[in-house]
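Structural overview for review
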Amino acid sequence: MSPQHMNVAMMTSGGLAPCLSSSVAYLIEFWAGALKAGTISGLTIRMYIDGYKGVLTGDSTVLSPDIYDDCACLHEVGGSPIGNSRVKLTNIKDCIARGFIKDGETPLERAAQQLISDKISVIHTIGGDDTNTQAAVLSKYILDKHGGKVVVVGMPKTIDNDVFPIVQTFGADTAAEQGSIFFKNVVSESSANPRMLIIHEVMGRDSGYLTAATARKYRASIKATKFIGPGFTSTQKSRDIHAVWIPELGLDIAAEGERLKKIMDEVGCVNVFLSEGAGVGEIVAELEANGEAVPRDAFGHISLAKINPGVYFSKRLATLVGAEKTLVQKSGYFARSAASNEFDRKLIRDCAEKGVESAIAGVSGCMGQDEDKEGTPIRAIEFERVKGGKHFNKDAEWFQELLKDIGQQA
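Residues numbered from 1 in each chain as written. Predicted model: local features only at pLDDT ≥ 70, side-chain atom pairs only at ≥ 80, totals over all residues. Heavy atoms only, no water.

**Some remarks on the sheet that holds strand E4 (residues 122–127)**
- Here we have seven strands laid out as an open sheet, ordered E3-E2-E1-E4-E5-E10-E11, and mixed in their pairing. Of all strands in the sheet, those bounded by a partner on one side alone are strand E3 (60–62) and strand E11 (378–381). In this sheet, adjacent strand axes meet at a mean angle of 25 degrees when their direction is disregarded.
- Each of strand E1 (5–12), E4, strand E5 (151–156), strand E10 (365–369) and E11 is contacted by helix H13 (residues 342–360), which is oriented at about 170 degrees to E5, the strand it contacts most. (Pairing = 2+ DSSP bridges. Helix = DSSP H or I, 4+ residues; strand = E, 2+ residues; numbered from the N terminus. Axes fitted to C-alpha atoms, helices over the stretch in contact; angles between N-to-C directions. Contact = heavy atoms within 4.5 Å.)

Structural data, given as structure tokens:
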């Protein structure tokens, strides 16, 4: 087959993660490389602004080839260089209410018409499982309804690391590292008041991966820190983590309260890492029993920010451990808005390189290390196999050792 001109589109969608800017930068780098190598005959790169909102409203910009080589600077930038939004293409009511489509239109048809009008041959969707599976549905819709073909190559962004069958999603390692940095400062608040309870609430709806990984990185940094004693109240134990609560572990708050009170009595503070998804079922049940509405987003997900798990559990635990003061701190926005670290950049680079090769070959899929294949190769994973909700492996040896080390029942 002779080289073809490629009309490539990119969009980022969903919540932020420390990978969006690097994903865009590496994709541009490898598409520009394919043009220079003569693998393709021409190249147009279009950026849809604010994710699916831009696709629906036609808000996009075409990059000048003069700046392709300058896009490496995006690696130093957190957030998305082209903007995000949370839009579900099958939620017609929400799209109408937000002014993305008119009455009588459907989001799928409107998006299809826009991609066809822009002559898009490849679209890179940089987002979580919702973003990428929606893109696959849109691609199939264009083929079935309009006889056109748009190759969809997704880049798996989520700090939760909860996507089947992908070993490691983009941004999760960086977010854990940044969460550790965040708490290394926040934990100093334990010295501001006697009997201080600090709840470090970490993002993670269904998976405790980020909470566990953040705890692991934080404890490694504390173990590498020198403390002087006796004579000082700030010790390794006072700044250590005393509990890690994640959705995959059962939570007996009465038993934990009894255990943690002994630590409070000994060192004058208690530090808890709480996954925002831990105990949500209990909170929802209480809201419904009281006749209160459970807030949800456009995807039907419970709005964790509005039900506030950290505050809920801090009130109960404060009484059990006899805390004089309680502090709930959320590292989510700090952690997810960072630029990619070295680990994530390598993963993103490898996936972008294979992703461009896959797109040129006309093969759709979500890029990632396929855990169902021998050797977990990076490949375009079939969209029908991609789904969220993967739980963290609580039986991982390193996590069990962490729990044992802090005295928490596994």
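Having seen it, we continue.
**Focus: the state of the cysteines**
- The tally for this structure, following the rule as stated, stands at zero disulfides.
- Between Cys19, a cysteine without a disulfide, and Cys351, which holds the nearest cysteine sulfur, the sulfur-to-sulfur distance is 11 Å.
- Overall, Cys19 belongs to the buried group, its relative accessible area being 2%. (Disulfide = S-S within 2.5 Å. Buried < 20%, exposed > 50% of the residue type's maximum accessible area, 1.4 Å probe, protein only.)

**A closer look at the packing of aromatic side chains**
- Tallying each qualifying case throughout the model produces 10 aromatic pairs.
- Where Tyr209 meets Phe392, the ring centres are 6.4 Å apart and the plane angle is 65 degrees; that geometry is what we call edge-to-face. With Tyr209 in helix H7 (residues 209–223) and Phe392 in the loop between E11 and helix H14 (397–406), this pair connects stretches of sequence that are 183 residues apart. Across this residue pair, the class does not change: Tyr209 and Phe392 are buried.
- Considering the side-chain rings of Tyr312 and Phe313, the 5.1 Å spacing of their centres and the 90 degrees angle between planes classify their relative orientation as edge-to-face.
- Lying across the ring of Phe164, Lys387 places its NZ or CZ 5.6 Å from the centre. (Phe/Tyr/Trp six-rings, centres within 6.5 Å; stacked < 30°, edge-to-face > 60°. Lys NZ or Arg CZ within 6 Å of the ring centre and 35° of its normal.)

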